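Residue-level structural notes
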Amino acid sequence: EPQWYDNRDMQDAIIDANGVAPLLNLQRTGTMLAQDHTSRALWHLAKTSDSHDAIVAANAIPELVQLLKTGSEKAQEMAAAGLSDLALGAVAAREKARAADRAAGRRVSDTRSVTYDPQPGGGEGDGGGKKDDEEEGAADCLVLIADAGGIMPLVALLSSGTVHAREFSACCLWHLALDRANQTS
């Protein structure tokens, strides 16, 4: 594997340099080859949950969903992989929040708005961890991917994409289906 693959220092450097927005710009305005490479870079950034906030803040989810529809085969594959890792991070955050709720003796919620605030002491009063419902839903990748129209292009890739695109799409859909509101879609 290349040195940059799964290289935490490189990923941190890209995030710290606000590199997501330029990657998205190149993805929109560049060639098909640029789409392939930028979508791969975004996927590698999405592999670490520490970078998910920066990816979401740069509005990358709608861009990745658009690639599912119009990108090259390789770009579609990489976009599905990136969305799958973002969805996996949301699932992990929800599970962490539920575990924290159980440990604190709070009622465990199954609503779509359950997220985890990874900063210790992030909330006031109840010991942190949770935000109000509007803020939580806005930060949850399971909600954002569905709201960006990602479910149907992921389903379409199951029959039209490359072997890897099909695998990544199925994985992403599996994560998305863990959200009760997404199950109908």
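Every value quoted in this text rests on a predicted model; they were computed, and no experiment measured them. Sequence order as written defines the numbering, with residues in each chain counted from 1. Restriction of local features to residues with pLDDT of at least 70 applies here, the model being predicted, together with a cutoff of 80 or more for giving and counting side-chain atom pairs; totals for whole chains, interfaces and linings are based on all residues. Side-chain figures throughout are based on the complete set of non-hydrogen atoms in the structure, without hydrogens or water.

**Notes on unusual backbone geometry**
- Notably, asparagine 18 is not glycine yet its phi reads approximately 55 degrees, a positive angle.
- For the purposes of this entry, the term helix denotes a DSSP run of H or I that reaches at least four residues, the term strand denotes a run of E that reaches at least two, and both are numbered from the N terminus. Within the element layout of this structure, asparagine 18 appears in the loop between α1 (8-16) and α2 (20-29).
- With phi around 65 degrees, asparagine 59 is a residue other than glycine that occupies positive phi space.
- Tracing the backbone shows asparagine 59 in the loop between α4 (52-57) and α5 (60-70).
- Residue burial is assigned from relative accessible area. The probe radius is 1.4 Å, only protein chains are included, and a residue is buried under 20% of its type maximum, exposed over 50%, and partly exposed in between. Taking relative accessible area as the criterion, asparagine 59 reaches 45% and is therefore assigned partly exposed.

**Thoughts on the confidence of the model for the protein chain**
- On average, residues of the protein chain score 83 in pLDDT, and 80% of them reach the 70 mark or higher.
- Mean pLDDT across the elements of the protein chain bottoms out in helix α7 (residues 133-139) (41) and peaks in helix α9 (residues 151-160) (97). Along the chain, pLDDT gives the predictor's confidence residue by residue, from 0 to 100.

**What about the pattern of salt bridges?**
- Here, a salt bridge means any side-chain nitrogen of Lys or Arg that lies within 4 Å of a carboxyl oxygen of Asp or Glu. In this structure the tally under the stated criterion is eight salt bridges.
- Across the pair glutamate 63 and arginine 28 runs a salt bridge, and its minimum N-O distance is 2.6 Å. On the criterion of sequence distance, the pair formed by glutamate 63 in helix α5 and arginine 28 in helix α2 is long-range, its members being 35 residues apart.
- The exposure class of arginine 28 is partly exposed, given its relative accessible area of 47%.

**Quick look at the packing of α5 against helix α6 (residues 73-103)**
- One way to put it is that α5 packs onto α6 with a least axis distance of 8 Å and a crossing angle of 140 degrees. Viewed along their axes, α5 and α6 adopt a mutual orientation that is oblique. Regarding α5 and α6, the two cross each other, and that crossing is left-handed. Within the contact between the two elements, α5 uses Ile61, Leu64, Val65, Leu67, Leu68 and Lys69 and α6 uses Ala75, Gln76, Ala79, Ala80, Leu83 and Leu86.
- Each residue belonging to the contact of α5 with α6 can be placed in one class, and the counts come to 10 nonpolar, one polar and one charged. Every angle, taken between N-to-C directions, lies between 0 and 180 degrees, and every axis is a line fitted to C-alpha atoms, over only the stretch in contact when it is a helix. Relative orientations are named as follows: roughly parallel for angles under 35 degrees, roughly antiparallel for angles over 145 degrees, roughly perpendicular for angles from 65 to 115 degrees, and oblique for any other angle. By definition, any crossing whose near helix is turned counterclockwise from its far helix by less than a right angle is left-handed, and any crossing with a clockwise turn is right-handed. The contact criterion used is simple: two residues touch if any of their non-hydrogen atoms lie within 4.5 Å. Three residue categories are used. Nonpolar comprises Ala, Val, Leu, Ile, Met, Phe, Trp, Tyr, Cys and Pro, charged comprises Asp, Glu, Lys and Arg, and polar comprises the others, including Gly.

**Concerning the environment of leucine 144**
- Examined against the element boundaries, leucine 144 turns out to sit in helix α8 (residues 141-147).
- As for leucine 144 and isoleucine 61, which are separated by 83 residues in sequence, their C-alpha atoms are 7.1 Å apart.

**Describing the nonpolar core**
- By nonpolar core we mean a set of buried residues, namely Ala, Val, Leu, Ile, Met, Phe, Trp, Tyr and Cys, connected to one another through side-chain atoms within 4.5 Å. Membership of the largest hydrophobic core comes to 36 residues, with the highest contact counts inside it found for Leu83, Leu86 and Leu176.
- Mapped by element, the contributors of at least two residues to this core are α2, α3 (32-46), α5, α6, α8, α9 and α10 (163-176).
- When residues of this core are assigned to their parent elements, the largest contribution, 10 residues, is made by α6.
- Setting aside chain neighbours within four positions, we find leucine 86 in contact with Ala46, His52, Ile55, Ile61, Leu64 and Cys141.

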